Amino acid sequence: MSEKLKNKIIGETVETIIDNIDEKLVDYMFEYGKYEETNDEFFNDKEEMFVQVIKELNNRIKSK
């Protein structure tokens, strides 16, 4: 497999995973949180939690 093709596959996979994390995070914020709308507080909390989710994923991947 060419390096260009590998990079395309990796890039697409990463983008899909990021999109899925973002979508699930929003779903869970509305399901379990106190949010009724997507206001500034929501977006600030989402940004903070997204970073925490990525850190936790990194920790779990490193520990395997």
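A brief structural summary. (Residues numbered from 1 in each chain as written. Predicted model: local features only at pLDDT ≥ 70, side-chain atom pairs only at ≥ 80, totals over all residues. Heavy atoms only, no water.)

## A closer look at the packing of aromatic side chains
Link 1 in the chain: Taken as a whole and assessed by the stated rule, the structure comprises four aromatic pairs.
Link 2 in the chain: Between Phe42 and Phe43, the aromatic rings sit 5.5 Å apart at their centres with planes inclined by 85°, giving edge-to-face as the arrangement.
Link 3 in the chain: One aromatic cluster in this structure is built from Phe30, Tyr35, Phe42 and Phe43. (Phe/Tyr/Trp six-rings, centres within 6.5 Å; stacked < 30°, edge-to-face > 60°.)

## Observations concerning the environment of Arg60
Link 1 in the chain: Its location among the elements puts Arg60 in helix H2 (residues 40–62).
Link 2 in the chain: Overall, Arg60 belongs to the exposed group, its relative accessible area being 53%.
Link 3 in the chain: Separated by 19 residues in the primary sequence, Arg60 and Glu41 place their C-alpha atoms 28 Å from one another. (Helix = DSSP H or I, 4+ residues; strand = E, 2+ residues; numbered from the N terminus. Buried < 20%, exposed > 50% of the residue type's maximum accessible area, 1.4 Å probe, protein only.)

## As for the pattern of salt bridges
Link 1 in the chain: Tallied over the entire structure, the rule returns five salt bridges.
Link 2 in the chain: Residues Lys46 and Asp22 are paired through a salt bridge, measuring 2.7 Å at the closest nitrogen-oxygen approach. Of this pair, Lys46 sits in helix H2 while Asp22 sits in helix H1 (residues 3–32), and the two are 24 residues apart along the sequence.
Link 3 in the chain: By relative accessible area, Lys46 is classed as buried at 16%.
Link 4 in the chain: When the shortest N-O distance is used, the salt bridge between Lys24 and Asp27 registers 4.0 Å. Taken as a pair, Lys24 and Asp27 lie in helix H1 at a separation of three residues, close to a single helical turn. (Salt bridge = Lys/Arg side-chain N within 4 Å of Asp/Glu carboxyl O.)

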